[in-house]
Amino acid sequence: MLSEPSPLMLLWQWAPALLQGFGLNILMGVTAMLVATVFGVLLGSLQVSARPALRRGAGHLSRLLRNLPWLVVMFYVAYLLPYEVQWAGRWWQLPDWLKVALGLALPAIGYVSEIVRGGVYAVPSGQWEAAQALGLRHGQALRYVIIPQTLPSLVAPWMNLYCAVTMSTSLANLLGVEELMTTLQSHLSSQLRSDLLLPAYGVVFIAFFLYIYPLSRWAKRLERR
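Since the model is a prediction, treat every value here as computed from it, not as a measurement.

Q: Can you walk me through the UniProt feature "domain: ABC transmembrane type-1" (unreviewed entry) in the chain in this structure?
A: Mapped onto the present numbering, the UniProt feature "domain: ABC transmembrane type-1" (unreviewed entry) falls on residues 22–216. Across residues 22–216, the secondary structure splits into 76% helix and 4% strand, with the terminal C-alpha atoms separated by 18 Å.

Q: Teacher, can you tell me more about the UniProt feature "transmembrane region" (unreviewed entry) in the chain here?
A: On the UniProt side, "transmembrane region" (unreviewed entry) is annotated at positions that read residues 20–43, 64–82 and 196–215 here. Taken end to end, residues 64–82 comprises 74% helix and 0% strand; its first and last C-alpha atoms sit 24 Å apart. Between the end C-alpha atoms of residues 196–215 there is a gap of 29 Å, over a span that is 95% helix and 0% strand.

Q: Please explain the packing of aromatic side chains as it appears in this structure.
A: Describing an aromatic ring pair means giving the distance of the ring centres and the angle of the ring planes. Scanning all chains against the criterion turns up eight aromatic pairs. Relative to Tyr 79, the ring of Phe 75 has its centre 6.0 Å away and its plane inclined at 15°; by these criteria the two rings are stacked. Taken together, the positions of Phe 75 and Tyr 79, both in helix α3 (residues 70–80) and four residues apart, correspond to about one turn of that helix. For Phe 75, a relative accessible area of 27% gives the class partly exposed. The interplanar angle of 15° and the centroid separation of 6.0 Å between the aromatic rings of Phe 205 and Phe 209 together place this pair among those described as stacked. Linking Phe 205 with Phe 209, this pair stays in helix α8 (residues 197–224), spanning four residues, or about one helical turn. Using a relative accessible area of 40% as the deciding quantity, one classes Phe 209 as partly exposed. An aromatic cluster is present here, built from Phe 22, Trp 158, Tyr 162, Phe 208 and Tyr 211 joined pairwise through their rings. The ring of Trp 92 is capped by Arg 90, whose NZ or CZ atom sits 4.4 Å from the centre of that ring.

Q: In this structure, what is going on with the packing of helix α1 (residues 7–47) against helix α6 (residues 138–168)? I would like to understand it.
A: In a packed pair of helices, the relevant descriptors are the angle between the two axes and the axis-to-axis distance. Interhelical geometry of α1 versus α6 gives an angle of 145° and a closest axis separation of 11 Å. Read as a crossing pair, α1 and α6 show a hand that is right-handed. From α1, Ile 26, Gly 29, Val 30, Ala 32, Met 33, Thr 37 and Ser 45 reach across to α6, where they touch Leu 142, Trp 158, Leu 161, Tyr 162, Val 165 and Thr 166. Per-class residue counts for the contact of α1 with α6 are nine nonpolar, four polar and no charged.

Q: Hey, could you run me through the packing of helix α2 (residues 52–66) against helix α4 (residues 96–122) in this one?
A: Look at α2 against α4: their axes get within 7 Å of each other, and the N-to-C directions meet at 130°. By the angle class used here, α2 and α4 are oblique. Crossing geometry of α2 relative to α4 is assigned as left-handed. Across from Arg 55, Ser 62, Leu 65 and Arg 66 in α2, the residues of α4 making contact are Leu 106, Pro 107, Ile 109, Gly 110, Tyr 111, Ser 113, Glu 114 and Tyr 121.

Q: Explain the nonpolar core to me, please; I cannot follow it from the model alone.
A: Note on soluble globular proteins: their nonpolar side chains tend to be buried together. Counting residues in hydrophobic clusters, the biggest one holds 42 residues, and the most contacted among them are Val 100 and Val 120. Sorting elements by how many residues they give to this core places α6 first, with eleven residues. Ignoring any residue separated from it by four or fewer positions in sequence, one finds Val 120 in contact with Val 48, Trp 128, Leu 142, Ile 146, Ile 147 and Thr 150. Leu 11, Leu 18, Leu 184 and Leu 188 belong to the second-largest nonpolar core, a separate cluster that totals 14 residues.

Q: What is the right way to read a nonpolar patch on the surface from this model?
A: On the surface, a nonpolar cluster with roughly 540 Å² of combined accessible area is contributed by Phe 205, Ile 206, Phe 209, Leu 210 and Tyr 213. Within the secondary structure layout, Tyr 213 lies in helix α8. Classification of Tyr 213 as partly exposed rests on a relative accessible area of 40%.

Q: Which parts of the structure should I look at to understand α3?
A: Residues lying three or four places apart along an α-helix face the same way, a consequence of the helix completing one turn every 3.6 residues. Along α3, the positions that sit buried rather than exposed are Trp 70, Val 73, Met 74, Val 77 and Ala 78. For α3, the angular spread of the buried residues around the axis is 130°, confining them to a single face. The exposed residues of α3 that point more than 90 degrees off its buried face are Tyr 76, Tyr 79 and Leu 80. Contacts made by the buried residues of α3 are with α4 and α6.

Parameters and conventions
- Residues numbered from 1 in each chain as written.
- Predicted model: local features only at pLDDT ≥ 70, side-chain atom pairs only at ≥ 80, totals over all residues.
- Heavy atoms only, no water.
- UniProt positions renumbered as here; feature names shortened; annotations may be inferred.
- Helix = DSSP H or I, 4+ residues; strand = E, 2+ residues; numbered from the N terminus.
- Phe/Tyr/Trp six-rings, centres within 6.5 Å; stacked < 30°, edge-to-face > 60°.
- Buried < 20%, exposed > 50% of the residue type's maximum accessible area, 1.4 Å probe, protein only.
- Lys NZ or Arg CZ within 6 Å of the ring centre and 35° of its normal.
- Axes fitted to C-alpha atoms, helices over the stretch in contact; angles between N-to-C directions.
- Left-handed = near helix turned anticlockwise from the far one by under 90°.
- Contact = heavy atoms within 4.5 Å.
- Nonpolar A, V, L, I, M, F, W, Y, C, P; charged D, E, K, R; others polar.
- Parallel < 35°, antiparallel > 145°, perpendicular 65-115°, else oblique.
- Core = buried A, V, L, I, M, F, W, Y, C linked by side-chain atoms within 4.5 Å.
- Patch = residues over 30% accessible without salt bridge, like charges linked within 9 Å, V, L, I, M, F, W, Y side chains within 5 Å.
- Areas by Shrake-Rupley, 256 points an atom, 1.4 Å probe, with all protein chains shown as cover.
- Salt bridge = Lys/Arg side-chain N within 4 Å of Asp/Glu carboxyl O.
- Arc of directions from axis to C-beta.

As structure tokens, then:
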């Protein structure tokens with residue numbers, strides 16, 4: 001009778017599929033942060049607008065987004081978005097991983113907005129006065145003088161948020177997206193061995209740790225600077 005392969009041997013055999021699944025986690029995290037950054041910067045800029053009505057509205061929207069439950073938003077976006085959209089005369093399929101990324105991006109927009117708002121208010125008021133002395137309007141001063149000065153202070157909190165978003169991509173497992181957790185559980189379902197559970201989920205922990213920890217340390221180093 002042939003002996004069963006060891007857990008380490010099985011995990012080594014599954015490694016290519018697991019790495020491919022983890023690559024999808026990274027792709028979802030990057031996509032979510034790109035969307036959150038674009039719209040978060042716009043919303044954060046509105047929070048420091050010269051118009052009080054815009055400031056209040058942007059502030060309320062930012063707080064709403066930050067208090068949305070990530071998992072619930074992900075489900076809503078995944079099930080409300082169509083399977084296909086028509087653009088430029090063609091039908092384009094919306095993959096499930098993209099829907100998950102958009103769902104994670106919505107709450108992240110609120111956090112990016114607050115990061116931008118805090119960075120703008122951290123710039124000394126003398127910079128605003130100097131911009132006004134040059135004849136720049138509020139929007140021009142924000143774009144050409146204030147925002148460029150906030151960029152160094154925004155990198156560390158942005159990196160921390162990216163780490164949190166990337167770790168949250170494992171929630172895509174609940175929607176059947178073929179990311180790391182889903183791939184692992186699919187392999188585990190074919191093995192009726194309880195001794196595989198701890199080593200297998202340990203691989204998930206190690207994968208996220210090896211990817212997230214260096215980024216978090218880098219963000220901490222940037223923050224100290």
